[in-house]
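The residues making up each chain are set out below.
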Amino acid sequence: MRITFAQLASKIAVIVAVACAIPSYAVAESPAPLSERQRVLHVLNRLGFGPRQGDVERVEAMGIERYVQQQLHPEQIDDTACEKSLSHFDTLQMTSGHLLGKFYTDIKGYFQMQMASGNAQEVKLRTGLDLKASAPAAKQPYAAPASPDLEKLSHADAIRCVGELQQAKLIRAALSERQLQEVLVDFWSNHFNVDVKKAPVHALKVADDRYAIRPHVLGRFRDLLGASAHSPAMLAYLDNKENSVPRERSKFEKGAIEFVVGGALGMSARGMVPDREGPNENYGREILELHTLGVDGGYTQKDVQEVARCFTGWTYSPFTGNFDYQANRHDQGEKTLLGHVIRAGGGARDGELVLDLLAAHPSTAKFIGRKLCQRFVSDDPPAELVSRVSKVFLNTDGDLRQVVLAIVTSPEFFSTQTYRTKIKSPFEFAVSAVRATGATFDEPRIPIFARLHAVQEGAGTMGYGADGLSGQRRQSLNWHVYTMGEPLFAHTSPTGYPEDSSKWVSPGALIDRLNFAMALANHQLTDVSLEPSTLTGGIDADQPRALFDRMADSLLHGALGAASRKTLERSALAPSGESRTVDVPQLTALILGSPEFQRR
Amino acid sequence: MNFPRRLFLRRGAIAMAAMGTLGTCPDFLYRAALAADERSGGARPKTLVCVFQRGAADGLSMVVPYGDPLYYRHRSELAIARPARSGGNAETALDLDGYFGLHPAMSALLPLYKRGTLAAIHACGSPNPSRSHFDMQDYMESAAPGNKSIQSGWLNRLLMNCPEDRTTLRATNGHPSPFRAISMTPTVPRMLQGEADALAIRDLATFGMHGGNANGAAAGATSGFEGMYDGAVGDVLRGTGRESFDAMSMLKNADPAKYRPVATADYPADSFGRALTQVAQLIKADVGLRVACVEVEGWDTHVNQGGASGQLAGRLHDFARGLAAFCTDLGDRLADVLLLTMSEFGRAARQNGNRGTDHGHGTCFLALGGPVRGGRVLGDWPTLAPEKLFEERDLAVTTDFRDVFGEACFRHFGAGDDALAKIFPGYRVDAARFRGICGA
């Protein structure tokens, strides 16, 4: 398809409009409002992971209001195509109990391997477990741990599920028609961060994603908070499964635990189970600081301890992998939290009362409201907007659909000060590039290799063999996201990745983004392919000017700045006399790596 | 101020790209200048390496106060046994001074302590009472506890306010090297953020443009990217691009990878070991490195912390092994290097209900390197007596971390009073409070 004069003219009009819309330094008072097309682009960039080919026209035709309403009701959007691409990830469908069982098998295999490699002393140092009795003496003290044999691990489902969940996250973000839902899943999964590097969180995160996060992202905050509090992944990550009233374990109880643990590890667990257990305030602190009130939300160290007491006995069953409340480990005494008395003898209700109290607290409304505004509007959102959004949160009993609606229909959302001011996170950058170029995920031809690949990436994310993966000539989309600084589901500390996008601006780190742009454009990803004609629209390489305009427009939709345009033209449109063809992959890479494409 | 060099670099790079030999010219000059300087016997620039133990490391396990009887009462299941009479073994503390002992898993550091290259600063930390990882890391990195309005990191302010060594500037034609400040992390950490240029490089070995369908294509794309980021006037991304490309072309020539670790340097095979290996390479490659940041995680030991062996012991083993290897690797270059370890806070004096430790207050910092007057455990020991504990539960802080940082700025980088006032806003760094980490 060639570009007609009329189309070109309309394009120029758009470019002029964009240029005019850039707030000038002198007259920042009343910048021109966003054009309709800019508003459409803005919605596609903020409520989703950027436009695919044709998306802008589609939303223009249906109108922004209808598009937003549709996105707010994902259950009404047909998404079979995306769901179909996930069908070969069988770990996604496994239950927590099933996955925990797989984890026990993995770890048993690991210890056996260490023993066989003569690394008993190493294992003793790191785990305190004494394997010496059954292992040959180590030749060297602290020999490096044997790296897992990946062939044998192709059935290591617990590790594999990390790689598969990461791939599924990328595929959903890129292909799902329910874009807002995927943005919100990313947001809330990061808000309620758990780290797959801490076993067995890697296995349990699958269930956390499916049951704790996904069903509630447009529901009530209280339900989401509650689902997270009951989620085995969270109970393991922030140690609440260990949180107990100070107590002695009976001989029988110790014996039973030793039997279970010993069975899981494939060795005697005698002496591994302590006689006593007691409170652990890790979850108590983070639920206040990071999940609800915020660090300045007005709580004390005493409140942290009281919350911890309320959650004593909340754990999960090592057999079923499901939430379990153990009454004998619960602190039945009276507690006082943020001035509220929680009466003695409340049992499992204590924790529910804490969740009620926190979900309805004004500090929570403010903290959550501001954080959502950071995601959707700007790194430092206007205080007035935050205050309005917080009110919506409080008045609607934390109805997240209403809260998101209030944000994305606000004048601040559509202001020129907001337009294209957020820097994409590595995940957003990678996914938006896949969407913009119309790249497709390859169907695995040989299932065993696909499984092995997922194991490799899962293990790499957990710290085994990451160098090997990074050193390979070709990498997966997931591994590029890892390399760019955002390993998925693997932020170590409970804060999660920053919503302040300026934190992603780092000299040096940019090179990894450019390398990804080059790899994608040059067909050098292991699992994603790109069809150049999607971008060229059938324009021949010997029509450099038309081709250039077509590609710049289809990838950047009028956002290309004058300086970048000049450089790109110099690079793509060779001076006359020389060959006049355009290097399409090169130009694609340059556009994806441009400063303009780093913004949303 | 840096404009002429950048213009030169840019033009150089584009011109070179046209000839297919990208970016050799300016670096060649750097190298020549540096080499000339070395020959003339000029003093080498001083380097400060900051190792952040993220997650709140248990200072009471790193440097064990075995002389404090309450230690054994608070830590009944986690305590490290008193040093054995007949030399060290893997189960007991390694005696340092008759009161404190090193964790047995950290035995790699004992020779450095005995040699006077390692000092510990105990009961060190922040006056801020928070036990939030996030806030306390933030405060330690801004070096302005309690003040959330300070945007820049203390290391960046050090670079902004500290006179460059004349050597460094001479070597680089009066302009700071792109490798002046580097962090071996995916993004620049808070402590290094600010006006002065700083680089984040996850891995030197893979830093650079690769891919493309041919070598020429990669070079052409590089100059294209370079042009676009240079043209992004008034955009925060502009600096990002400029610094990245400067570093990339310089690195290509300096080729630090050729400085292999010496055979006796036994780095652990993890990301911490790799980061230290590469910092050592940059120091040896004379690229003008002044400040380097390294991170090491896994200190948040709420459950089953372990004692002489176990979870924390494993971390400490790799930690100590990495630091010792770094010193071995640098050899005589260690003379100009000061390495500080730090953590946002320590852990509660008493173990919790799960044979772990919850968030605490004071912890233990380490100082390593040629300038260190080591072989000593510095600071006032507040003891673990209940009435001495911070908020009745944690090791108190008797050394403000800013006095440790301040001493490094003053003694190692020659920062004067004016500079110190800017580096530590709202805090008067007083030499009288210095613990004597570095030789005067």
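Residues numbered from 1 in each chain as written. Chains lettered and ligands numbered in written order. Predicted model: local features only at pLDDT ≥ 70, side-chain atom pairs only at ≥ 80, totals over all residues.

Regarding the overall build of chain B
Looking only at helices and strands, chain B has 14 helices and twelve strands in total. Buried residues in chain B amount to 63% of all 440 residues. A separation of at least 24 residues holds for 72% of the contacts in chain B among residues at least 6 apart in sequence. (Helix = DSSP H or I, 4+ residues; strand = E, 2+ residues; numbered from the N terminus. Buried ≥ 20, exposed ≤ 12 C-beta atoms within 10 Å, placed from the backbone. Contact = placed C-beta atoms within 7 Å.)

Looking at the overall build of chain A
In terms of helices and strands, chain A carries 28 helices and eight strands. Looking at chain A residue by residue over its 600 residues, the buried ones come to 52%.

Structural notes on the confidence of the model for chain A
Residue and element names in this part refer to chain A. Scored by pLDDT, chain A comes out at a mean of 88, with 89% of its residues at no less than 70. The low-confidence segment residues 1-29 (pLDDT under 50) makes 26 contacts with residues lying over four places distant or belonging to another chain. Here residues 133-145 scores under 50 on pLDDT; set against residues more than four positions off or in separate chains, the count is 24 contacts. (pLDDT = per-residue confidence, 0-100.)

Quick notes on the interface of chain B and chain A
Each side of the interface is counted separately: chain B has 66 residues, and chain A has 57 residues. At the level of elements, helix H6 (133-142), strand S7 (199-200), helix H9 (215-231), helix H10 (236-254) and helix H12 (311-330) of chain B are the ones that each hand at least two residues to the side of chain B that touches chain A. By residue class, the composition of the side of chain B that touches chain A is 24 nonpolar, 30 polar and twelve charged. (Nonpolar A, V, L, I, M, F, W, Y, C, P; charged D, E, K, R; others polar.)

Here we look at the pairing of strand S10 (residues 363-369) of chain B
Residues and elements named next belong to chain B. In terms of burial, S10 is a largely internal element, seven of the seven residues being buried. One ladder, built from five bridges, connects strand S5 (residues 118-125) with S10; its direction is antiparallel. Across the sheet, Ala 119 pairs through a bridge with Ala 367, a residue of S10. As judged from the four bridges shared by strand S9 (residues 337-343) and S10, these two strands associate in the antiparallel manner. From the neighbouring strand, Leu 340 faces S10, where its bridge partner is Ala 367. (Pairing = 2+ DSSP bridges.)

Some remarks on the pairing of strand S8 (residues 291-296) of chain B
Residues and elements named next belong to chain B. The buried count for S8 comes to five of six residues, which makes it a mostly enclosed element. Here six bridges tie strand S1 (residues 47-53) to S8, and the two strands are oriented parallel to one another. Note that in S8 the partner of Cys 50 across the bridge is Cys 293.

Points about the confidence of the model for chain B
Any region with low pLDDT has predicted coordinates that should not be read closely. Residues and elements named next belong to chain B. For chain B, per-residue confidence averages 85 on the pLDDT scale, and residues scoring 70 or more make up 84% of the total. Taken as a whole, residues 1-42 scores under 50 in pLDDT and shows 60 contacts with residues more than four places along the chain or in a different chain. Scored by ipTM, the complex comes to 0.79, with pTM at 0.85.

Looking at the nonpolar core
Judged by nonpolar contacts, the single largest core of 283 residues is most densely connected at Ile407(A), Leu520(A) and Val294(B). For Ile407(A), the residues in contact, after removing those within four places along its chain, are Leu372(A), Cys373(A), Phe376(A), Val377(A), Val389(A) and Phe413(A). Ranked by size, the runner-up nonpolar core spans six residues in total, among them Phe111(A), Met115(A), Ala120(A) and Val123(A). (Core = buried A, V, L, I, M, F, W, Y, C linked by C-beta atoms within 7 Å.)

Notes on the sheet that holds strand S2 (residues 63-64) of chain B
All names here are of chain B. Within the open sheet, the three strands sit side by side as S2-S4-S3. Their pairing is antiparallel. Each having just a single partner strand, S2 and strand S3 (94-95) make up the two edges of the open sheet. In terms of strand pairing, S3 meets strand S4 (residues 101-102) through two bridges, oriented antiparallel. Looking at S4, one finds that Leu 94 is bridged to Leu 102.

A word on the environment of Gln69(A)
Residues and elements named next belong to chain A. Examined against the element boundaries, Gln 69 turns out to sit in helix H4 (residues 64-71). Accessibility expressed as a C-beta count within 10 Å gives 12 for Gln 69, which makes it exposed. In this structure the C-alpha to C-alpha distance between Gln 69 and Gly 463, which are 394 residues apart in sequence, comes to 42 Å.

Notes on H6(B)
Residue and element names in this part refer to chain B. Counting buried positions along H6 gives nine out of ten residues, so the element sits mostly inside the fold. Taken together, the buried positions of H6 are His 133, Asp 135, Met 136, Gln 137, Asp 138, Tyr 139, Met 140, Glu 141 and Ser 142. Among the structural elements, helix H7 (154-161), S9 and helix H13 (401-413) are those in contact with the buried residues of H6. Positioned one or two residues after H6, Ala 143 has a phi angle of 55°, which is positive.

Looking at unusual backbone geometry
Across the chain, the bulk of peptide bonds are trans and the bulk of non-glycine residues have phi less than zero. Put simply, Ala199(A) and Pro200(A) share a cis peptide bond, and its omega is 0°. Structurally, Pro200(A) can be placed in the loop between helix H9 (179-191) and helix H10 (201-213). Despite not being glycine, Leu338(A) has its phi angle at roughly 50°, a positive value. Structurally, Leu338(A) is set in the loop between strand S5 (335-337) and strand S6 (340-342). Look at Asn304(B): it is not a glycine, yet its phi comes out positive at around 45°. In this structure Asn304(B) comes out as partly exposed when scored by C-beta crowding, with 19 C-beta atoms within 10 Å.

A word on the packing of helix H17 (residues 362-376) of chain A against helix H18 (residues 383-395) of chain A
Residue and element names in this part refer to chain A. At a closest axis distance of 8 Å, the pairing of H17 and H18 adopts a crossing angle of 125°. Between H17 and H18, the crossing angle belongs to the class labelled oblique. You can see that H17 and H18 cross each other, and the crossing is right-handed. Between H17 and H18, the residues in contact are Pro 362, Ala 365, Lys 366, Ile 368, Gly 369, Arg 370, Leu 372 and Cys 373 and Leu 385, Val 386, Val 389, Ser 390, Phe 393 and Leu 394, respectively. (Axes fitted to C-alpha atoms, helices over the stretch in contact; angles between N-to-C directions. Parallel < 35°, antiparallel > 145°, perpendicular 65-115°, else oblique. Left-handed = near helix turned anticlockwise from the far one by under 90°.)

Remarks on the environment of Tyr419(A)
Mapped onto the elements, Tyr419(A) comes out in the loop between helix H19 (400-408) and helix H20 (426-437). Beyond its immediate stretch of four places on either side in the chain, Tyr419(A) contacts Leu34(A), Gln38(A) and His42(A).

Some details on the environment of Glu352(A)
Mapped onto the elements of the fold, Glu352(A) is located in helix H16 (residues 349-359). Classification of Glu352(A) by C-beta neighbours within 10 Å gives partly exposed; the count is 16.

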